[in-house]
Amino acid sequence: LMIRRPPRSTQSRSSAASDVYKRQILFIANDASDIQSALFKHIQSLQDSLGKTFQPQTQYNLPENYCLNGKDPKKLTIKQSTIEFAKGPCSPVVIVPGHQGTMLRAQVNCPVLRKERPDIFQACGWDQCEKGFFKNVPANEYTIWIPPLESPMNLFSPNEKNSICLGAFLQLHYQNTADPLIRFVDTPGIKTDWFGRTPETKSQGQCGFRPIQNMFPVSKIQPGPTSGFAQMISYLERLGYQKSYSMQAIPYDFRKTITTNDASKLIEQSIDYMYNLVGKKAVSYTHL
């Protein structure tokens, strides 16, 4: 758990947005329960710093819509909710998942993949690019992390070809270039991004929150870590946090390093955006 705040040398929102921020580790959490505990402790320390009296609460029993001063967000406009949040005791939140903590989605350029990598094309069970009877044609997109059970990349299939197919879609290729964002690239004919940033999933991304929770393809079964930040997101929403306004999610392609994807840029932009919106330092919840 980290806090990111503007330097004490300035209180101006406009200058803080472009200035260098200080970072301070507050708490190391092992699971969602620890993160909830950390949030509770942070609210207490924030109120203490503001000179307000903190009303003792059990950490899991903070009142509903606590961060909106008890007001129901369903009865408020976005502007009214933002004002209430700014006046309330909570800080905006940025959630950054850890390795393998983001759903990945691949787009398939069938003619290119078939020409450049016929071995992958065959391993995935495809033989044509034109639809027709008795033809195995790839879909335009596939969820490759974690792949559905009916997918040709099925992670749990004993068929070796499924493993080869999945490995080929997850594989990255290094190219020597000065631009770090294109230093690692997909196999020709494959374009991978996180769920919610592809043509078929952009309406389902929930501002980046969908790909960081409940990743297992069977919705009612989420073994352990595959639930991701689902519990925490639900808890924050109960307190009055609103997606995209007082909390932001930063999904990313975990196959790449922090310097070769745009996660660090998105984190910076999200923190600046919420600071300018509510005038408070942001709390980052991350999982390594």
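Check the entry above for the structure.
Below: a short report on this structure. In this text the structure is predicted, and so the values were computed from the model without any measurement.

Criteria and cut-off values
Residues numbered from 1 in each chain as written. Predicted model: local features only at pLDDT ≥ 70, side-chain atom pairs only at ≥ 80, totals over all residues. Heavy atoms only, no water. Disulfide = S-S within 2.5 Å. Helix = DSSP H or I, 4+ residues; strand = E, 2+ residues; numbered from the N terminus. Buried < 20%, exposed > 50% of the residue type's maximum accessible area, 1.4 Å probe, protein only. Phe/Tyr/Trp six-rings, centres within 6.5 Å; stacked < 30°, edge-to-face > 60°. Lys NZ or Arg CZ within 6 Å of the ring centre and 35° of its normal. Pairing = 2+ DSSP bridges. Axes fitted to C-alpha atoms, helices over the stretch in contact; angles between N-to-C directions. Contact = heavy atoms within 4.5 Å.

## Quick look at the state of the cysteines
- One pass over the full model with this rule turns up three disulfides.
- Residue pairing for cysteine 67: its cysteine sulfur links by disulfide to cysteine 90, the two sulfurs lying 2.0 Å apart. Here cysteine 67 and cysteine 90 share a disulfide; its torsion about the S-S bond, -75°, makes the bridge left-handed. With cysteine 67 in the loop between helix H2 (32-49) and helix H3 (78-87) and cysteine 90 in the loop between H3 and strand S3 (93-96), the pair connects residues that are 23 residues apart, well separated along the chain. There is no split in this pair, since cysteine 67 and cysteine 90 are both buried.
- Sulfur-sulfur distance for the disulfide between cysteine 124 and cysteine 165 comes to 2.0 Å. Sign of the S-S torsion, about 100° for the bond between cysteine 124 and cysteine 165, identifies this disulfide as right-handed. Residue cysteine 124 is found in the loop between helix H5 (118-123) and strand S5 (141-145), and its partner cysteine 165 is found in helix H6 (residues 160-170); the two are separated by 41 residues along the sequence. The pair formed by cysteine 124 and cysteine 165 is uniform in burial state, with each residue classed as buried.
- Numbered by position along the chain, the disulfide-linked cysteines of the protein chain connect as 1-2, 3-5, 4-6.

## Things to note about the packing of aromatic side chains
- This structure, assessed with the given rule, holds seven aromatic pairs.
- On the basis of an interplanar angle of 70° and a centroid distance of 5.2 Å, the ring pair of phenylalanine 85 and tyrosine 241 is categorised as edge-to-face. Placement of the pair is phenylalanine 85 in helix H3 and tyrosine 241 in the loop between helix H7 (230-239) and strand S9 (247-249), with a sequence separation of 156 residues.
- Each residue in the set Phe121, Trp126, Tyr142 and Phe169 is aromatic and connected to the rest through ring pairs, giving one cluster.
- Just above the ring of phenylalanine 195 sits the side chain of arginine 210; from NZ or CZ to the centre is 6.0 Å.
- Positioned above the aromatic ring of phenylalanine 85 is the side chain of lysine 280, whose terminal nitrogen or guanidinium carbon lies 5.3 Å from the ring centre.

## Details of the environment of aspartate 253
- Position of aspartate 253 relative to the elements: it lies in the loop between S9 and helix H8 (263-278).
- When the C-alpha atoms of aspartate 253 and glycine 101 are compared, they prove to be 9.3 Å apart, with 152 residues separating the residues in sequence.

## Description of the sheet that holds strand S8 (residues 190-194)
- Strands sit in the order S5-S4-S8 across an open sheet of three strands; the sheet is antiparallel. At either end of the open sheet lies a strand with only one pairing partner, and these are S5 and S8. Averaged over all pairs of adjacent strands, the angle between their axes in this sheet comes to 30°, without regard to strand direction.
- Looking at chain direction, strand S4 (residues 104-108) and S8 are connected through five bridges and run antiparallel. Counterpart to glutamine 107 in the pairing with S8 is lysine 191.
- Relative to the sheet, H6 contacts S4, S5 and S8, its axis offset from that of S5 by approximately 95°.

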